Amino acid sequence: MDLLALADFNLVARHGGFGKASRASGRPKATLSRRVAALESSLDLRLFERGGRDLKLTQEGRALFERTGALLTDLDETAAAIASGGDTPKGRLRISAPLLISQTAMGKLAAAFALKFPEVRLEVTTEDRAVDMVEEGYDLVIRVNPDPDESLVGRIFLRDRLVVVASPGLARPAKNRAVPAVVRSATDGASAWNITMRDKKQCIEIDPVLHLSSLIMVRDAVRAGVGVGRLPVSLVTYDLADGTLVHWGDVEGPEITLWTLYPSRRLLSARVNAFLKFLKEAFPKGTPDELAIYIGR
């Protein structure tokens, strides 16, 4: 198989068209088209659906792209590392991270990483959805309690837990009475929260009076006394310490785990290895208290 033709195919597939790939790489559009056509001929397969304004991968084309894109990147990075005489992290590092850690800690973490590795061009995007790492060009993703995925491997770097908190002025409800509550979204249909306080279990009936899309917003509303809230303890550590909020109990259920994930078939680049090591140094024990330091007040 012609590696140059395969590289051009991956370039076109990644950018979604010959014109876009040409502009991004500076290579002639005609050359890219000719190389891809030659690859299709040698494989006796159609790799793109041509027609209309958009260029789409066929089923066979998508399979080839998913299996060869990361390998070609590894070859490029290996050659670059050998040429530079070492494994100094350099180049672009694309990371997808969930909303909460991005809003509260990722700015400080990214800045510290950029200062430590000035030759790496770090790019962090914020989204809670499960991105397609290969198709969307991510080197690493951070996810909360991710579903099992055979195509990805990873490790836990932080642990957290949910607690129910309220402002000091909000009284605990009488038996069989609901307490006003601030919940994260309108899709949260829970009518009660099961908590544990000093080894005693309790079920709190709630009346959702406010629905918000961000946990930061939930915390701020709870601080204002609107109602109780269910929040990660790392987000309210300082509030509990100075009495701005009071702890009603720990929420029953699985702990919160934050994972770093990357493709299992890919040799880790120096950039990814550097970021994984950096996270380990930032959170050596992986506890909520360590995350709280980055979140601050």
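Predicted model, so just to flag it, every value in this text is computed and none were measured.

A. Region of the structure containing the sheet that holds strand β3 (residues 91-97). Read from one edge of the open sheet, five strands run β4-β3-β5-β13-β6, paired in mixed fashion. Edge strands, defined here as strands with exactly one partner in the open sheet, are β4 (120-126) and β6 (152-160). Strand-to-strand twist in this sheet, taken as the mean axis angle between neighbours without regard to direction, amounts to 20 degrees. Sheet topology places strand β5 (residues 140-144) next to strand β13 (residues 256-263); four bridges connect them, and they run antiparallel. Bridge pairing links I142 to T260 in β13.

B. Region of interest: empty space enclosed by the protein. On inspection of all chains with the given rule, the structure shows two cavities of 30 Å³ or more. Each pocket or cavity is described by its volume, and for the second largest cavity that value is around 30 Å³. Every residue lining the second largest cavity is listed: L99, L100, Q103, R184, S214, L215 and I216. The set of elements that each furnish at least two residues to the lining of the second largest cavity consists of α5 (99-116) and α7 (215-223). A per-element tally of the lining of the second largest cavity places α5 first, with three residues. Residues belonging to the lining of the second largest cavity are distributed by class as follows: four nonpolar, two polar and one charged.

Rules of the game
Residues numbered from 1 in each chain as written. Predicted model: local features only at pLDDT ≥ 70, side-chain atom pairs only at ≥ 80, totals over all residues. Heavy atoms only, no water. Pairing = 2+ DSSP bridges. Helix = DSSP H or I, 4+ residues; strand = E, 2+ residues; numbered from the N terminus. Axes fitted to C-alpha atoms, helices over the stretch in contact; angles between N-to-C directions. 1 Å grid on protein atoms, 1.4 Å probe; cavity = no way out; pocket = protein on both sides within 12 Å on 5 of 7 lines; lining within 4 Å. Points joined across faces, edges and corners; volume = space filled by probe spheres on them. Nonpolar A, V, L, I, M, F, W, Y, C, P; charged D, E, K, R; others polar.

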